[in-house]
Amino acid sequence: MSAVVAKVRKPLIEGYKTYHDITEDICSPTEKVPNIWWIVGMVASLSLLAFGGFCLLYTIWFGIGTWNLNRTIGWGWDITNFVWWIGIGHAGTLISAILLLFRQKWRTGVNRAAEAMTIFAVICAAMFPGIHTGRPWFDWFMFPYPNTRGPLWVNFNSPLLWDLFAISTYFTVSLLFWYTGLVPDLATLRDRSTGMRKKIYNFFSFGWTGAAKHWQRWESLSLILAGLATPLVLSVHTIVSFDFATSVIPGWHTTIFPPYFVAGAIFSGFAMVLTLMLITRKVLKLEEYITLEHIESMNKIILLTGTIVGVAYLTELFIAWYSGYVYEQFAFYNRALGPYWWSYFAMMSCNVLSPQFFWFKKIRRSIVWTFVLSIVVNIGMWFERFVIIATTLARDYLPSSWSYYSPTWVEVGVYILTFGLFMTLFLIFCRVAPVIAVAEVKSILKSSGDQYVGPNAKEHHHDDHHQDETIAAKVDDVAEDTTYSSSSGVSAETDTQTETEEVVVAPPSAKDDLKKVEGIGPKIEGLLNDAGIYTWRQLANTKVEFIKEVLDKAGPRYRIHDPGTWPKQAEMAADGLWDELKKWQDELDGGK
């Protein structure tokens, strides 16, 4: 059944794609030999990873003293980078969970990569507090479990411990969400693979067959995880902001931090998604699936969240002035005009001024402008975290303790390690799994493909019903002939199939989703389409014997299916008896 779509709506899938085209275009990069750009990227990533790994081992061997932390500035690049990476990981959950609940179709082109980015970013972020504990081999002391250490427990009043719980929960739910979405596509890769590769994909696809019951449970689980992940989008960076807001240090002790941090996290996360996806769409030739509509939609969110962050900056300045609290006023004066003035103005220009360019549609839809500004935004968000941490700690209540912080080569190297790790994981992901959700893109083809919507649409939904009814009538007439025998001794069903193929020259532009029938998956739906069956009404009027013959000819893996109930289920679907159909399907087992 086709959805009603406004004619003025721009398409999200270009190139007049078919379902087969979508599978080929998105899955083929995982099956072909990697191109030169992927190899160059992997070599560069592994080089960064090797240098950063050396710096990490150097830190563990010689201790935190290799960093330029001192009695005044106890947090430096480590916590700055931790908060920055956590912020980058926010866009994945927002795109996956919140936009799924709001049924935003443009998410389908970018959600898979954004979810992967979330997981990899959280892994990078988790390194820094682990190292900063000084003795990471004792990190298991932080977990509250029954022990024999007497009164030695973690401090449950500390937001640092809240971080541990919030981020581990966030990582777990994000991982489940990402993997759940991957299952149907891993099954697609399994069916296209051979040998050991097929066995590996078969293991990780959990025996997915594409049956109606599988899709029903998959959609239910996706909605449940979306519901769980949505509050995490708000809570995780809120708790990270409590690391600062619950202190009594001027410049930190403010109630605006939670919403301000959340908006900043979404701001930087979307910028990183754009940076990655603009490169990915070019290298993997996915321009027809990650279109200018996707890019413009994300740029609008960057403009919104960037404006919110700008308002938060100005609010902080106003509250410091209005409070009359001299120490709070000095903290912000020191940020703007103190020794770190350069970082403050870098933050303001990158985070407040640069997103305002997206008010102009030409810039929002420009690949070059978007790529440059997305990098500028992430540079600005890093400076924001540096300004909050370093400038505040560098000037405390005791002038004799004032100092100036700059990182050592070891700290810079550990930061480089996270880039190497992040890019290595992302490049491996691009090689082993579809970087775009195949099943979800297919689900919006009829409502967002450029052959159906937009100025270049070739097929219009208001013509579909007439064409569909014409073909249905022809197939129904042919199906009735299955009761007669052919004079040549060949079964009538064979003649029926031949005649059907001659009558149905091209598939209708508005097909029904035959997978709604219990027992029919994407592969069997394709077989039925090849046999000239595109709608529920056609399937309802087709003899079971003919369906059985189609399955038998397709091979042993399809021969095991029993289509005895399929015509009746299709008839109920065509008549709109969904409640009765669902009740009956709950009693069936794979359509039997």
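The rules behind the values
Residues numbered from 1 in each chain as written. Predicted model: local features only at pLDDT ≥ 70, side-chain atom pairs only at ≥ 80, totals over all residues. Heavy atoms only, no water. Helix = DSSP H or I, 4+ residues; strand = E, 2+ residues; numbered from the N terminus. Buried < 20%, exposed > 50% of the residue type's maximum accessible area, 1.4 Å probe, protein only. Areas by Shrake-Rupley, 256 points an atom, 1.4 Å probe, with all protein chains shown as cover. Expected span 1.5 Å × (residues − 1). Salt bridge = Lys/Arg side-chain N within 4 Å of Asp/Glu carboxyl O. Core = buried A, V, L, I, M, F, W, Y, C linked by side-chain atoms within 4.5 Å. Contact = heavy atoms within 4.5 Å. 1 Å grid on protein atoms, 1.4 Å probe; cavity = no way out; pocket = protein on both sides within 12 Å on 5 of 7 lines; lining within 4 Å. Points joined across faces, edges and corners; volume = space filled by probe spheres on them. Nonpolar A, V, L, I, M, F, W, Y, C, P; charged D, E, K, R; others polar. Phe/Tyr/Trp six-rings, centres within 6.5 Å; stacked < 30°, edge-to-face > 60°. Lys NZ or Arg CZ within 6 Å of the ring centre and 35° of its normal. Lys, Arg positive; Asp, Glu negative; His and termini not counted. Axes fitted to C-alpha atoms, helices over the stretch in contact; angles between N-to-C directions. Parallel < 35°, antiparallel > 145°, perpendicular 65-115°, else oblique. Left-handed = near helix turned anticlockwise from the far one by under 90°. pLDDT = per-residue confidence, 0-100.

### A closer look at the overall build of the protein
Then step 1. Scanning the protein from N- to C-terminus turns up 25 helices and 0 strands.
Then step 2. Residues classed as buried in the protein amount to 54% of the 592 residues present.
Then step 3. Accessible area for the protein stands at about 27,400 Å²; split by element, carbon and sulfur atoms hold 66% of it.

### Here we look at helix α12 (residues 341-353)
Because an α-helix packs 3.6 residues into every turn, residues spaced three or four apart end up facing the same way.
Then step 1. Its 13 residues give α12 an end-to-end C-alpha distance of 17 Å, which sits within 8% of 18 Å, the value for a rise of 1.5 Å per residue.
Then step 2. Those residues of α12 that fall on the buried side of the exposure criterion are Ser343, Tyr344, Ala346, Met347, Met348, Cys350 and Asn351.

### Re the pattern of salt bridges
Then step 1. Tallied over the full model, the rule gives 15 salt bridges.
Then step 2. Lys17 is the salt-bridge partner of Glu288, the closest N and O atoms lying 2.6 Å from each other. Of this pair, Glu288 sits in the loop between α9 (257-283) and α10 (292-323) while Lys17 sits in the segment before α1 (19-27), and the two are 271 residues apart along the sequence.
Then step 3. Taking relative accessible area as the criterion, Lys17 reaches 10% and is therefore assigned buried.
Then step 4. Among the salt bridges present, the one from Asp575 reaches Arg537, with a minimum N-O distance of 2.8 Å. Taken as a pair, Asp575 in the loop between α24 (566-574) and α25 (578-587) and Arg537 in helix α21 (residues 536-540) lie far apart in primary sequence, 38 residues in all.
Then step 5. When salt bridges with common partners are traced through the structure, they connect Glu293, Glu296, Arg364 and Arg365 into a single cluster.

### Let's talk about unusual backbone geometry
Then step 1. At Arg103, a position not held by glycine, the phi torsion is positive, near 55 degrees.
Then step 2. Structurally, Arg103 is set in the loop between α4 (90-101) and α5 (111-132).
Then step 3. Positive phi outside glycine occurs at Phe206, with the angle close to 60 degrees.
Then step 4. On the basis of relative accessibility, which here comes to 58%, the residue Phe206 falls in the exposed class.

### A look at the nonpolar core
Soluble globular proteins tend to pack their nonpolar side chains together in the buried interior.
Then step 1. Core analysis: the largest hydrophobic core is formed by 125 residues, its most contacted members being Phe82, Trp85, Phe244, Tyr260, Phe270, Phe429 and Val435.
Then step 2. A total of 15 residues in this core trace back to one element, the largest contributor, which is α9.
Then step 3. With residues up to four places along the chain from it excluded, the contact list for Tyr260 reads Val309, Ala312, Tyr313, Glu316, Glu384 and Ile388.
Then step 4. Counting residues in hydrophobic clusters, the runner-up holds 21 residues, among them Trp536, Leu539, Phe546 and Leu551.

### Things to note about the layout of surface pockets
Then step 1. Here the second largest pocket defines a volume of roughly 850 Å³.
Then step 2. Among the secondary structure elements, those contributing two or more residues to the lining of the second largest pocket are α3 (77-88), α5 and α6 (159-191).
Then step 3. Among the elements that line the lining of the second largest pocket, the one with the most residues is α6, at 6 residues.
Then step 4. In terms of residue class, the lining of the second largest pocket is made up of 16 nonpolar, 6 polar and 5 charged.

### Quick look at the packing of aromatic side chains
Then step 1. For the coordinates displayed, the defined rule picks out 47 aromatic pairs.
Then step 2. Between Tyr344 and Phe345, the aromatic rings sit 5.8 Å apart at their centres with planes inclined by 90 degrees, giving edge-to-face as the arrangement.
Then step 3. For Tyr344, a relative accessible area of 8% puts it in the buried group.
Then step 4. One residue, Arg335, lies across the ring of Phe332, its end atom 4.7 Å from the ring centre.

### Brief notes about the side chain of Asp243
Then step 1. If you trace the backbone, Asp243 turns up in helix α8 (residues 212-245).
Then step 2. Here Asp243 occupies a buried position and makes no salt bridge, while the nearest side chain of opposite charge, Arg385, is found at 11 Å.
Then step 3. Not counting residues up to four positions away in its chain, the partners in contact with Asp243 are Trp75, Phe82, Pro159, Leu160 and Asp163.

### Some points on the packing of α4 against α8
Then step 1. In contact at an axis separation of 8 Å, α4 and α8 are set at 135 degrees when each is read in the N-to-C sense. In terms of orientation, α4 lies oblique with respect to α8. The hand of the α4/α8 crossing is left-handed. Contacts from His90, Thr93, Leu94, Ala97, Ile98, Leu100 and Leu101 of α4 reach α8 at Ser222, Leu223, Ala226, Ala229, Thr230, Leu232, Val233, Val236 and His237.
Then step 2. Among the residues making up the contact of α4 with α8, the classes are represented as 11 nonpolar, 5 polar and no charged.

### As for the environment of Phe318
Then step 1. Summarising the element assignment, Phe318 is placed in helix α10.
Then step 2. Taking relative accessible area as the criterion, Phe318 reaches 44% and is therefore assigned partly exposed.
Then step 3. For Phe318 and Gln329, which are 11 residues apart along the polypeptide, the C-alpha to C-alpha distance reads 9.6 Å.

### A word on the packing of α3 against α9
Then step 1. In the contact formed by α3 and α9, the axes pass within 7 Å of each other and the chain directions differ by 70 degrees. On the basis of the axis angle, α3 is roughly perpendicular to α9. From α3, Val83, Trp84, Gly87 and Ile88 reach across to α9, where they touch Phe261, Ala265, Ser268, Gly269 and Met272.

### Quick word on the side chain of Arg335
Then step 1. Considering the arrangement of structural elements, one finds Arg335 in helix α11 (residues 326-337).
Then step 2. It turns out Arg335 is buried and unbridged, and the closest side chain with the opposite charge, Glu316, is 4.2 Å from it.
Then step 3. Setting aside chain neighbours within four positions, we find Arg335 in contact with Gly251, Trp252, Glu316, Tyr340, Trp341, Tyr344, Val387, Ile388, Thr391 and Thr392.

### As for the confidence of the model for the protein
Then step 1. Considering every residue of the protein, the mean pLDDT works out to 81; 89% of them sit at 70 or more.
Then step 2. Between residues 461-506, whose pLDDT stays under 50, and residues either more than four places distant or in other chains, the model counts 55 contacts.

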